[in-house]
Amino acid sequence: MAQTRSLPRICIALGLPDVSTLLEHARREAEAGEAFLEFRLDFLPDPCKGAAAIASFLEQFPDCTVLATCRRHQNHGKFNGSIEEQLAILDLAVRNGAQAVDIEIETAEGAHERLSPFRGRAQVVLSYHNYEATPPLDTIVARMLKVPADAYKIVTTARKPSDNIRVLAAAKGLPKQRMIVLAMGELGFPTRVLSPVFGGTFTYAAPMQADGTAAGQVSAPLPAPPVSSRKAGEDGADLWGHRRAGSPLHFTGGPQPRIPIAPRGCGVSAFSGDPRHAARFFSLADKLPLAGFSVTIPHKQKIIRYLDVVDPLARRIGAVNTVWRKAGKWRGSNTDAAGVTGPLAKHLKLSKSSVLIVGNGGAARGAAFALSDAGAKISLVGRNADRVRALSKVCGAESLMREQLANMHFDAVVHATPLGMFPNVNECFFQGAIPADIVFDMVYNPRETALLKRAIEQGKTVIPGLEMFIEQAAGQFEIWTGESAPRPVMLKAALEALDGNHK
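Every chain is numbered on its own, with residues counted from 1 as its sequence reads. At least 70 in pLDDT is required for a residue's local features to be given in this predicted model, at least 80 for side-chain atom pairs to be given and counted, and no such filter applies to totals for whole chains, interfaces and linings, which use all residues. Heavy atoms throughout the structure, all of them, feed into the side-chain values; hydrogens and water do not.

(A) Layout of the overall build of the chain. Helix numbering and strand numbering both begin at the N terminus, where a helix is a DSSP run of H or I of at least 4 residues and a strand a DSSP run of E of at least 2. Within the chain, the regular secondary structure consists of 16 helices and 18 strands. Every one of the 503 residues in the chain was classed for burial, and the buried ones make up 56%. As displayed, the chain offers around 21,100 Å² of accessible surface, 51% of which is attributable to carbon and sulfur atoms. To sort residues, take the accessible area from a 1.4 Å probe on protein chains only and compare it with the maximum for the residue type: under 20% means buried, over 50% means exposed, and anything in between is partly exposed. Per-residue accessibility takes into account occlusion by the displayed protein chains alone, with areas from the Shrake-Rupley method and a 1.4 Å probe.

(B) Examining the sheet that holds strand 13 (residues 354-358) more closely. The parallel open sheet is built from six strands, whose spatial order is 15-14-13-16-17-18. Looking at strand neighbours, the two that pair on one side only are strand 15 (398-399) and strand 18 (461-463), the edges of this open sheet. Here, strands pair whenever DSSP counts at least two bridges between them. Inspection of the sheet shows strand 17 (residues 436-441) paired to strand 18 by three bridges, in the parallel sense. Bridge pairing in strand 18 places valine 439 opposite valine 462. Here helix 11 (residues 336-345) sits on the sheet in contact with strand 16 (410-415), strand 17 and strand 18, set at roughly 140° to strand 17. Against the sheet, helix 12 (residues 362-373) touches strand 13, strand 14 (377-381) and strand 16, its axis set at about 170° to strand 13. Working rule for contacts: check all heavy atoms of both residues, and any pair within 4.5 Å makes them a contact. Each axis is a line fitted through C-alpha atoms, taken for helices only over the stretch in contact, and angles between the N-to-C directions span 0 to 180 degrees.

(C) The arrangement of the nonpolar core in detail. Membership of the largest hydrophobic core comes to 59 residues, with the highest contact counts inside it found for Phe39, Leu41, Phe57, Ile103 and Ile154. Considering each element in turn, this core owes the most residues, seven residues, to helix 3 (residues 83-95). With sequence-adjacent residues up to four places away left out, phenylalanine 39 is seen in contact with Leu14, Leu22, Leu23, Ala26, Ile54, Phe57, Val66, Leu67, Ala68 and Thr69. The set of buried Ala, Val, Leu, Ile, Met, Phe, Trp, Tyr and Cys residues whose side-chain atoms join them within 4.5 Å is what this entry labels a nonpolar core. Counting 41 residues, the second-largest nonpolar core is a separate cluster that includes Phe369, Ala412, Met468 and Phe477.

(D) Expanded view of unusual backbone geometry. In this structure, proline 423 follows phenylalanine 422 across a cis peptide bond, with omega equal to 15°. With respect to the secondary-structure elements, proline 423 resides in the loop between strand 16 and strand 17. Phi is positive for histidine 76, close to 70°, though the residue is something other than glycine. If you trace the backbone, histidine 76 turns up in the loop between strand 3 (65-69) and helix 3. Taking the relative accessible area as the measure of exposure, histidine 76 reaches 52% and is therefore exposed.

Note that every value here comes from positions in space, so none of it alone points to a role or purpose.
Here it is in structure tokens:
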């Protein structure tokens, strides 16, 4: 088969609706340092024009490698032509400089001579896709190996965490073959990060400013694999791309937009999934080179039962947002608490302060326990009086009604409800005077909430929610890596993401 340049470790999948948009995104990725791009020609109204356009792109970016794909409709692609027409388009792509082609097993098997025009001219990636499940892979591998190719791609759909291990094992079990193994769907995300670690030739990522071409594809640049999984002398930047500082990994979920805050090279992977899969997830995690992960709603409470060690504050709060592995044990912490005390401690001495917390949910509970542990005098108020009284009892706080606030004053107010969160940006708990000198709003989207605007008008010192967000993220980073968090880089990434969300 073809003896061309080795394929880079990350392939950016470009499935765009017209040639000009395809080239625009390809140039953008190349200028950002990506060197391996898949041109999904079947996404175009005229795939031949896309194949011809490869030449102009490579003339401008000769160091890039282009993988041409024209998947037929029968195999979940968008091309409605015959096999002969499909292969003719891929041949045109090779004549215009494509160094590799992706051909489905359904096209290739039964007529191996169909691949002969590509031998010696381009690398053939023979692909199998299952969009429903992850079947027994021994049979699939045997079927694939009957057809000579430069690399074999097996892509299934993960229905349970253990499917990931079976998919990754397919590459590890065939060290002499060049394998690309991935599982689609949210549950399959770990395979996209870890495939090269388990012997996969490369993995796929979505472009920076467009949708991916498969379920579960994450935006480039991908996060680095866990430090413990790298081979001696192998650097995360070399494995996952050229950019290190500021390259994002999505951590947060829930009702607010996902915001990238962890720079590449941190050695952390974040996974998510159905709460019913928690036990299976830990079975999977025990088999992976996984150093730690972030936990978001609705998992923060339920995750505790699967941990070996939980720090005392997280235990009292009843929620864990950070998990890591040390000495073979899974450990849990809650850095959300430091996200509250850290920013406030810059403005007042917590042990001698009075703080009013607005809210009665999980965020309010975390803030109440964290501030109480720091020695602050805590009062609680909220829209649900019964829940406020119940929370006050467990954290030793004073329970207040809204109408009582008119004649009271506090050193600080911590707002811990969703009021004012995008898109309901005009909502605010306080309609008149805010009874504190410092106003801390835990909502970070928008960056300046209605509450903060009102506080500024009243001459108060304000703490935006982004400070809390960065502080808790920095705490996670330091737990996972043992290094000081690059807060300026994290803040820059978060601000860019928030600005992008609003655009």
